[in-house]
Structure formats: C-alpha cells, structure tokens
Amino acid sequence: MNCCPLTRQVLSAALKVSLLAAVAGGICFVRGAGARPAGRVELQKAGKFSREFRVEAGKYYQFLASAPSLASLAQDTSIELTITGPGGETLRKPLHAGDPDLYLTLAPKQSGAVQVAAEPKGASTAGQDLDVHLEPVGAVTPAAQLGSAFHTSWESAEPIELGRPVYATNDDRPYIPKLSTAADTFDQMLAGIHWYKLDYQGPGDRLVHFNVDIQDRDVPAGIEIFTLRDGKPVEYTRGRERYETEKSTNFHGLSKFAPRVISPGVYYIRVMANHPFYKLETDHYPPPPYSDPQLAVRAAMDYIVRRGDAWHANVPRKGAVALRNSNPLQETRLCIACHPTHFSTRAELFALKAGYPVRARSSLQFLTERLANNPRPLYGKPDASWARMIHAPGNVLSRVAYLTNQYEQLVTGERRDELYRGIGAFLELYWPQVTQPQMESNGNLPRISGFEVALHSAMLFADLAQRTGESRYQTLVGQIESVIVNGDVVDNLDLCWKIDALVWLNGQAGDNRYRKQIDELARRLLSYQQADGRWALPFGLEEIQYDFRLQKTIVKKLPVRPGQEGPRAADFQTWHAIYALARAGVTLSDPRLKKAVDVCLSRQTPSGAWQGNPDYKNFDTPFRDTQYALMALTTLYPGPLHQRMKSGKRLGWNAGFPTPASTFPVNNAAAAVAALDQHWDRPAPATARKIRQLLDSPHVLVRYQAAVTLGRYADGEAAAALAERLGDPSKLVQRGAAWALRNIATRRPEVR
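Just so we're clear, the structure is a prediction, and the values are computed from it rather than from any experiment.

Draft legend 1. Structural view of unusual backbone geometry. Omega for the bond connecting Pro-288 with Pro-289 falls within 30 degrees of zero, at 0°, which places this linkage in the cis form. Looking at the secondary structure, you find Pro-289 in the loop between β18 (277-285) and α4 (293-312). Even without being glycine, Tyr-616 reaches a positive phi, approximately 70°. Inspection of the secondary structure puts Tyr-616 in the loop between α15 (591-602) and α16 (622-636). The phi angle at Ala-714 is positive, at roughly 50°, despite the residue not being glycine. You can see Ala-714 is positioned in the loop between α20 (700-712) and α21 (719-724).

Here it is in structure tokens:
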C-alpha cells in the first residue's frame, strides 16, 4: 500500500533499533560492557566523588559525564553533578534514568582547575558507575565558534561575531526532569539559559535573522534580543513582525527565530534552546525595503522558511509539549499546517527554481520532510493515502505531491514513488464525475480555488503517466484539462489560478493552443486593478466563500466603506495577480504591472516578510502574503543562478555556499564541525567514507555532526555504524544517529 514507507516495509535489524529510538525522542540508551575503561569511577565504593582537571585560559575543552549502565538508576535514584570552573562559576545537574549524561564545552577565561563532584542520591545506590572525561577540542575558527558553558546571565554573556555560526550544547538543561514535585520540576526547567553578546560596530543598519537551528522540534526553543537601559536588559523589538502565533501554545511567545533590525551598538541574545545541541545563526542583510528585487527575494525566502520552521517548534493548540515525557495532541501534530508548511515551502521552491540558492537549508529540509511523511493510509482503501486532519483533501494532497516532487527535482535528486502512487490513488477517488472546478475550504478564509486543486492534480497525473505509461493517468489529465478550460471563474483568486493552469497546459502540449484564452483572462485581470495599483479578492461587493461542512458556496455581501469605490484591495491578492500576469507573458514594460511591482517592493516589512491588511483572511499571518510576493518577484526577476537552472542542472543544497571540504581537522572540533556542516549533497565516495569514519571521533560534537551529515543525504552505507552510535555515551550522538537512521529508513528503500 502507498503510504508512509515506515508503515509498509520490514526494516533491517539496525533500522528497527533506530525506530525505537525515534519513538522515544531519538534516544536509545545502550551501554557497552567489558573491561573498566579509563575515567570510570564506582560511586558505590567512593561515595561522593570529586576530581580536578587542569585547564588553560583561551583553550576549549569537552566535558562528558555519563552513567554507563541504566540498570542501577532506579526511579528514585540520581547522581548529583556539580562542575565548578577556575573562576568559581558553578553548574549543577542531576543524572538519572531519563537523562543519564552531561556534555559541556568549556572555554575557561583563566587557567586553573575545573572541579567535578558527583554524589549518588536515593535509596538504591548499589553498583552506580560514572564515566568522567575532560579533553581539549581545539579553538574558535574564522568559520565557526563553539558555544561554551557558564554564560547563564547577561553579565557573563559570551561574545559572538555577526554572521559566524555558534555550535553549542544545551545539555545543562534537563532532557527529561528528574522525577520530583511539581515545584522542583519547574526549578529544574529553569536551568540551561544561555546568553550571548553581540557588539555590532556597523556600518549602518542591518536586518539580522537570529535563529536557533535544532535537530528535532519535539519541545519548544526560544530566542530573545535585548539591549541595556539604565543598566538593565530590556527587550529589543525593532524589526519584529506584527504576526504572533496564536495564543494557545504551552509557551506563548517562545520562538526559535527572531528577525531584528540593528544599528551599531551592543546587543544581548538570550537562548533557551531546550535541546542538547543547537546552532545559533545570525545571517544578516541590508534592511528592507529594497529597490533591488533580488535583495528582496533573498531576505524573504530566508525569512519564510525560518518562520515556518519556528512555528513547528512551538505548535499551538496543544501540538507542542513542555516536557518530553508528556504527549502532544496527535490531531494537532497531524495538521498539515498550510500557512507555515505549504506556503513557506512553495515560496522557497519557487525562488530556488528561479535561480536563488537555498540558504536556510535545515528549515527547508524539515518542512519538506514533514510534508512527505504526513499522508496516512485511507481507511478501506489501502493503496490510497490521505491527510487525516484536513477538510480540503484535494488541495492538500495534490499540493503535497507537487511540493515534494519539486523539492526532489530541484534539491535532492531523489524520488518517492510510494508517496506519489498513494496520493495518486486517493485523487483517482476524488475526480470521478467532477466537471467544474471544485472549491474547497478547511473553515478558513479565503477559500481554496478549484483551479489550484485541478492544476496540482493534473501535474501529478501527468508525471505518473509519463513514468508508468498507464493510460488511466493520461485520461485523468484530459478530464482535468477540460475542467480547467471550461470552468467558470468567480473572483480574482480563480482568475489567477486559471491563468496559471492554462499556461502549464500550454507547456505540456508544447504549443500555444490556449494563448488566446490566456490573453483574454490577463486583460480581464488587469481591468480589475484599482487606482493604487492593487487588486481586491472579489470582483465586486460579493465575496464567494465555501462551507466545507455543508459543501456549498456562500455569497457574502460586503459593506460599502465611506470614500471607497468597489471592494477593498488586498496585498496578498495583488502579489498573486502580479504572478499570474507574469505567467501570462505581461512584462514590466506595461505600466500597470510595473506600478503593482513597485507597490510590492515598497511594502516589504523590516523583517523581510510581507504582511498586508487582514481583509478576506481569518489567519492574519505573513505566510500567504510573502508566498505570493516571492512567486511574483522570482517569476519576473530570475536569480543569480537562473542560467544554471535553464540548462537543466539541479541546484541542490550547496549552490549558495563554498565547495564543501573533503578533509576534516582531527584535532579541532570547531573546524571539523563547521566543515561537516557544509555537507548536504551526497559527496564523492572518498569523502563519504571519511565522514562515516568520523562517527568514531574522540570528540562528541564531531561524532554528532558526522551522524547528522550522513542523515542529510541518507547514506545507506552508514546504517550499521549509525545503529552502533545509538549506544554512544552522549545523548547528542544518540539523537543524531537516530535522526539519521530515520532519514535512511524513509528515503532509501533499498536498505530496508
């Protein structure tokens, strides 16, 4: 049956282990046996354990304390760790069965001793061992910085440089709190707040996308920006969007992404990563608005996928949980989340297809993998897949297929035949007896145009017909073509999507059979342009809506506003109209189109997004407006790599970055991690072997980053080695290995 691959195939033994780890949040505690290794102490005999490590100022060290056996950590048992730096700075954390290890990067400001104390707590203390290691890991490089421990207040904030990534760990925060009272659990969760200091010298203002890149989105992460006023930190908000996630999250206002416009001065960044590993990013741009459309596209495409990704890291309506040992609301988790997922992914892929390389790679990968793994088997129709939590099935499923296919053609070069066959089987049930464009709605405004559903359905059936040679798919394309050509438009939303669909049909046929109809529709669309250069959604003072419960069209009378002729214009519909006119062949030599484009560029907000008036929509987010603006601008203004796209070459992941290194420094963790982090496309076989070998690096961060890198391009040859790393002493590496194995399982059928 055609559904999520993990529900159908019997996996190899190694991948079965990884699935267990993934279900448990990416952790599978498997500890090795054998002779007592160096650094292990038996707490049962020693009682309270204490050890000193000599360190030098200016050098970086890795610290790892790990309980090698969970059997001795009963429900009421823990190991209380205390780490004290040379300057007296102190960090405490209890190790227990749900969180049996602690990794830190240390960068002492003065030479001296790091003191480590460990004390067993609880009634059952027999046989408790603890592995404790502290080793040098290299230093900061021009390409990367390792975030270090003990920067837990703004006064002790760690200096960073604008644009240089910081690879940091938040293992000082409980992965799962020790079993205790509610008050004590709350106190435990206040640990692990990190502060950074950015001294920006200029010149001029910069838009900065402060972003916390994390591996999973199981619990929320947050980042906030501050300046000092009267000697105290105050929140800095210049450049923040109007948009706020709806107020039903467990941690309202907590977001891992914060766009801000900064002037020369000192800024303090508070990170509540809530994940064992994170990367702090500070990509920066000239502040909007721009006269150069390519600059506008660059800032917007980075914004929209990061904002969509951040939404999923703190899902409203109980979709996110505060603690990993509690359950999210599955129905919310299964929601396709059109605004942060569909709209953001489509905008990014449009820009990529036009020759703008991907920069926010982690965000795009997360969003598209979530889309590809969302469909479930349809009850009673095991060959068909559907999206459970949605009342617009034709739109959601056809769009998932379209976006995933674009992603694989433009970025990864892979192919998920099972996904497309499953969605195709569902749409075969959807289209019989349909003769007019089928409106859809999931209860939100504006409704979904039936022409959009038809376009994406036809794209999927045409692709399946070409790949399989089965005539039934081509028959469905013919049926949908008739629906598109003969369908009636009821507003500018329909008009734009019908133009787009006819242009696609022309391309499929290889001729200009619909040129006359396209030109007529473009002239009609231009006739609805208002004096300020914008468009409204409806043609007149009647808005066409769709009631998904009653499955019928509703006509809503719009009020006549004082001083206004006709319906109120909407930014999102204006940007959509620009896109449709550009698709129809209207050029910027037409003053009407040029006027609309100038309005679009002038209305980009300081964050890099567009978010116009809320008319005709009940989710007032930047996703819809920014999506259409990017579709319009990238169609009119191709990107710097558009010639490469025209030649048929896939841009892939690395087009916007320097060529990744083929060697990795073995004695400098920062340099090795930064080099590994640049590998997203599948490397040459010799380089891939080196990356697999780094799973055995003595550096925890290097082992972690090697595992994640192998997962990015789903290296099937690494499955067995990754399965072994599920028993790594550090949860960072365990999680990285589990994430990588999940990617291999879902994307490499040959290794199942």
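Alright, that's what it looks like, and here's the rest.
Draft legend 2. Spatial organisation of the pattern of salt bridges. The final tally for this structure, using the stated rule, is 56 salt bridges. Salt-bridge contacts for Arg-306 lead to Asp-283; the nearest nitrogen and oxygen are separated by 2.6 Å. You can see Arg-306 sitting in helix α4 and its partner Asp-283 sitting in strand β18, a full 23 residues away along the chain. In terms of burial, Arg-306 and Asp-283 fall into one category: buried. A salt bridge links Arg-298 to Asp-302, with the shortest nitrogen-to-oxygen separation between them at 2.7 Å. In this pair, Arg-298 and Asp-302 both sit in helix α4, four residues apart, roughly one turn of the helix. Taking relative accessible area as the criterion, Arg-298 reaches 17% and is therefore assigned buried.

Draft legend 3. Examining helix α18 (residues 669-677) more closely. The buried count for α18 comes to nine of nine residues, which makes it a mostly enclosed element. Listed as buried for α18 are Ala-669, Ala-670, Ala-671, Ala-672, Val-673, Ala-674, Ala-675, Leu-676 and Asp-677. By the N-cap criterion, in which a side-chain oxygen at the helix start approaches the backbone nitrogen of a residue two or three places on, α18 is capped by Asn-668, the distance to Ala-670 being 3.1 Å.

Draft legend 4. Geometry of the packing of α18 against α20. Following both chains from N to C, one finds α18 and α20 inclined at 5°, their axes separated by 9 Å at the closest point. Between α18 and α20, the interaxial angle falls into the category roughly parallel. Together, Ala-669, Ala-672, Val-673, Leu-676 and Asp-677 of α18 and Leu-701, Val-702, Gln-705, Ala-706, Thr-709 and Arg-712 of α20 make up the contact between the two elements. The residue makeup of the contact of α18 with α20, split by class, is seven nonpolar, two polar and two charged.

Draft legend 5. Molecular detail of the packing of aromatic side chains. For the coordinates displayed, the defined rule picks out 14 aromatic pairs. Arranged with centres 5.5 Å apart and planes meeting at 80°, the rings of Phe-350 and Tyr-579 form a pair that is edge-to-face. With a gap of 229 residues between them, Phe-350 in helix α6 (residues 338-353) and Tyr-579 in helix α14 (residues 571-584) connect regions that are remote in the sequence. The same class applies to Phe-350 and to Tyr-579, which are both buried. Aromatic rings pair up to connect Tyr-167, Phe-277 and Tyr-704 into one cluster. Geometry around Phe-366 places Arg-217 over its ring, the cationic atom sitting 4.1 Å from the centre. If you follow Arg-359 out to its NZ or CZ, it ends over the ring of Phe-657, 4.2 Å from the centre.

About the criteria used
Residues numbered from 1 in each chain as written. Predicted model: local features only at pLDDT ≥ 70, side-chain atom pairs only at ≥ 80, totals over all residues. Heavy atoms only, no water. Helix = DSSP H or I, 4+ residues; strand = E, 2+ residues; numbered from the N terminus. Salt bridge = Lys/Arg side-chain N within 4 Å of Asp/Glu carboxyl O. Buried < 20%, exposed > 50% of the residue type's maximum accessible area, 1.4 Å probe, protein only. Polar contact = N/O pair within 3.5 Å; in protein donor to acceptor, adjacent residues only side chain to side chain. Axes fitted to C-alpha atoms, helices over the stretch in contact; angles between N-to-C directions. Parallel < 35°, antiparallel > 145°, perpendicular 65-115°, else oblique. Contact = heavy atoms within 4.5 Å. Nonpolar A, V, L, I, M, F, W, Y, C, P; charged D, E, K, R; others polar. Phe/Tyr/Trp six-rings, centres within 6.5 Å; stacked < 30°, edge-to-face > 60°. Lys NZ or Arg CZ within 6 Å of the ring centre and 35° of its normal.

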